[in-house]
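# Structural description and commentary
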Amino acid sequence: MAMSFQELDQANIVWQQLPIEQHLSFFVMSLDEDNKIVDVLIKMSANQKVFLHRHTAPNYMLVLSGEHRLYAADGTLKDVRPAGRYTASPADVEPHREGGGDTDVLVLFSIRSGGGSCYEVLDDDHNVVASLGWEDFKGLYAAQLESLQ
């Protein structure tokens, strides 16, 4: 039996952006202070690749709409995840890029930060140029809540 998905109504989502990436928008859904879990909705632009990075914490992902594409550091397509695909990924030292297919992709990420690092952003030589962790997400969430008032 084929699954049918309705398009997610984004009318009440105030998308935020990181200054380092124009093809990725996010909305922090919740922070679980006790368990140090971040739930964040990520939108990546169609036919674009976001910055090179690696996951330094386990990520659980559900593709809500569109097609989630993963690329090796050299740009080779590694995986295509259609709407409805759920993936559990451990922390991984292998850098990669992600992006949307022929339309923007919406993915719900649940990040098990443990209170520390979640992602490392890398340059093309694989040097760490930035990191994003639990405290950063707390700050992004606080700024997001303030912008909604």
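Refer to the preceding data block for the structure.
Heads up: these notes are all about the structure in this document. (Residues numbered from 1 in each chain as written. Predicted model: local features only at pLDDT ≥ 70, side-chain atom pairs only at ≥ 80, totals over all residues. Heavy atoms only, no water.)

The subject of this paragraph is a nonpolar patch on the surface. Taken together, the side chains of Val-14, Leu-145 and Leu-148 define a hydrophobic patch exposed on the protein surface, amounting to about 220 Å² of accessible area. Within the fold, Val-14 resides in the segment before β1 (16-17). By relative accessible area, Val-14 is classed as partly exposed at 35%. (Patch = residues over 30% accessible without salt bridge, like charges linked within 9 Å, V, L, I, M, F, W, Y side chains within 5 Å. Areas by Shrake-Rupley, 256 points an atom, 1.4 Å probe, with all protein chains shown as cover. Salt bridge = Lys/Arg side-chain N within 4 Å of Asp/Glu carboxyl O. Helix = DSSP H or I, 4+ residues; strand = E, 2+ residues; numbered from the N terminus. Buried < 20%, exposed > 50% of the residue type's maximum accessible area, 1.4 Å probe, protein only.)

Here we come to the environment of Ala-73. With respect to the element layout, Ala-73 can be found in the loop between β6 (67-72) and β7 (77-82). Residue class for Ala-73 comes out partly exposed when judged on its relative accessible area of 26%. Spatially, the C-alpha atoms of Ala-73 and His-96 are 4.8 Å apart, while their sequence positions differ by 23 residues. Ignoring anything within four residues of it in the chain, the contact list for Ala-73 reads Leu-52, Pro-95, His-96, Arg-97 and His-126. (Contact = heavy atoms within 4.5 Å.)

Further remarks concern helix α1 (residues 134-148). With 15 residues, α1 ought to run about 21 Å at 1.5 Å a step, and its terminal C-alpha atoms sit 21 Å apart, in line with that. Among all positions in α1, only Trp-134, Phe-137 and Gln-144 are buried. Taken around the axis of α1, the buried residues stretch over an arc of 80°, which confines them to a single face. When the buried face of α1 is taken as reference, the exposed residues oriented beyond 90 degrees from it are Glu-135 and Glu-146. Turning to α1, the residues buried within the fold contact β1, β2 (24-32), β3 (37-44), β10 (105-112), β11 (117-122) and β12 (128-133). (Expected span 1.5 Å × (residues − 1). Arc of directions from axis to C-beta.)

Another aspect to go through is the environment of Ile-13. Checked against the element boundaries, Ile-13 lands in the segment before β1. What makes Ile-13 buried here is its relative accessible area of 16%. Residues Ile-13 and Ser-110, 97 residues apart in the sequence, show an inter-C-alpha distance of 17 Å.

Below, the discussion takes up the pairing of β12. Looking at chain direction, β11 and β12 are connected through 5 bridges and run antiparallel. Residue pairing across strands places Tyr-119 opposite Leu-132, the latter belonging to β12. Connecting β11 to the next strand, β12, in antiparallel fashion are 5 residues, including His-126 with a positive phi near 70°. (Pairing = 2+ DSSP bridges.)

What follows covers the nonpolar core. Formed by 23 residues in total, the largest nonpolar core has its most connected members in Val-40, Phe-109, Ile-111 and Phe-137. Going through the elements one at a time, β2, β3, β5 (59-65), β10, β11 and α1 are the ones with two or more residues in this core. Residue contacts for Phe-137: discarding those within four places in its chain leaves Val-28, Leu-31, Val-38, Ile-111, Cys-118, Tyr-119 and Leu-132. (Core = buried A, V, L, I, M, F, W, Y, C linked by side-chain atoms within 4.5 Å.)

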